[in-house]
Amino acid sequence: MQDKIPFMAIRGGSSKALFFKAEDLSENEQIRNEQVIKAMEGTLLGDPRQIDGLGGANSLTSKVAIISKSKNEKADLDYLFLQVVVGEGKVSFTQTCGNILAGVLPFALETGMVAYEEPTTSVRVNMVNTSGICEVIAQTPNKALAILGNAQVDGVVGTGAPIVCNYLDTIGSSCGSLLPTNNPFDIIDGIKVTCIDNGMPVVLMMAKDFGLVGNESKEILEANKVLRQKIESMRIQAGFLMNLGDVSKMTVPKMCLISKALNGGIVNTRMFIPHVVHEAIGVLAAVSVATACVVNGSICQQQMQIDGIFNADKMFSIEHPSGEFTVYLNYELNKHSLNLISSGVIRTARILAKGEVYIPPKM
């Protein structure tokens, strides 16, 4: 007999995930992880096609969100993110996902975990993986979740109703501090890097230091075996420098190539996540990159377009392979210190399906 577990499939930003209530999964972590792996791949043996499960055979569509009422007095909901590692029969929970975060409030509203308000509904979400807090605001006119709108997310076809995510407590969420090495830049294997963590541990590197222009496609970068080996060697070393320990089997830190913007943004990026190149850029990775732009002495400041960087809105357009991602930073800056108050992004989300996923018996 197969077990049946209620779920929703929700697109959040430029990713897609299966959403579960925590109460519908096992309290035992190992059994819970097996449940979500089987839901995604149909087997614990690993299937890169995910042909017997609900996964999309891609890291962006092989994600799981587990939602519950929050045990944190500062939050309304707890959000645990699990990345199912495609084809390996395992999950990683060393990071959170800002794209999937955009689906948390729609899930909670649809399941009755949160009551509708007018004209917007707002909750504080505890991102369990990193212990960060994010205020999420959805458009709910007439106490119904708005779907149509003019908000656009590059990497997603069409537009939708905006979902505002204001990150309130993300500095050093994984590494303990914004600059875990205490330096605006370090040298790893002869390459100048900036190690930063404002919600996502990221190692920034200048594309030109690898003999690259910075506008190379995902396919070209992934086909460059020598480049990938060098970046992975640097990532392993950076893990120890960033207080993450041995990251050889972890999905953080992310490795980001920085170059000059091509289409009016601040900087251009190519993000390794960590072994393949992101088709766009993750939400919190973009927040960390934008933050590096205002860190005095970071490598971003050597590549960024200065015009408008300190405008009143403090908007940072981060370019990526699919377009751009705008980050809103609320900060105070002087010659000696940077005071980050909050980091905001706009996403869209859409509920795709709900029902019961069938979990095959233990094999």
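Computed from a predicted model, the values in this text were never measured in an experiment. (Residues numbered from 1 in each chain as written. Predicted model: local features only at pLDDT ≥ 70, side-chain atom pairs only at ≥ 80, totals over all residues. Heavy atoms only, no water.)

K.L.:
Which residues make up the side chain of Thr121, and what are the values?
P.N.:
With respect to the helices, strands and loops of the structure, Thr121 is situated in strand E6 (residues 120-127). The exposure class assigned to Thr121 is buried, which follows from its relative accessible area of 0%. A distance of 3.0 Å separates a polar atom in the side chain of Thr121 from the backbone nitrogen of Glu117. Here Thr140 takes part through its side chain, which lies 2.8 Å from a polar atom of the side chain of Thr121. For Thr121, the residues in contact, after removing those within four places along its chain, are Leu105, Leu109, Val114, Ala115, Tyr116, Val136, Ile137, Ala138 and Thr140. (Helix = DSSP H or I, 4+ residues; strand = E, 2+ residues; numbered from the N terminus. Buried < 20%, exposed > 50% of the residue type's maximum accessible area, 1.4 Å probe, protein only. Polar contact = N/O pair within 3.5 Å; in protein donor to acceptor, adjacent residues only side chain to side chain. Contact = heavy atoms within 4.5 Å.)

K.L.:
Give me the lowdown on the packing of aromatic side chains, citing residues and values where you can.
P.N.:
With the rule as written, the count across this model stands at two aromatic pairs. Taking 5.6 Å as the distance between ring centres and 35 degrees as the angle between the ring planes, the aromatic pair formed by Phe19 and Phe107 counts as tilted. One end of the pair, Phe19, is in strand E2 (residues 15-21); the other, Phe107, is in helix H3 (residues 104-110), with 88 residues separating them in the sequence. On the basis of relative accessibility, which here comes to 0%, the residue Phe19 falls in the buried class. The buried category is assigned to Phe107, whose relative accessible area is 3%. Note on Phe316 and Tyr331: the rings are 6.3 Å apart at their centroids and 55 degrees apart in plane angle, and the pair reads as tilted. Residue Phe316 is found in strand E16 (residues 315-320), and its partner Tyr331 is found in strand E17 (residues 323-333); the two are separated by 15 residues along the sequence. Its relative accessible area of 3% is what places Tyr331 among the buried residues. Over the aromatic face of Phe185 sits the side chain of Lys192, whose NZ or CZ is 4.1 Å from the ring centroid. (Phe/Tyr/Trp six-rings, centres within 6.5 Å; stacked < 30°, edge-to-face > 60°. Lys NZ or Arg CZ within 6 Å of the ring centre and 35° of its normal.)

Everything listed here is a matter of coordinates, which is why it stays silent on function.
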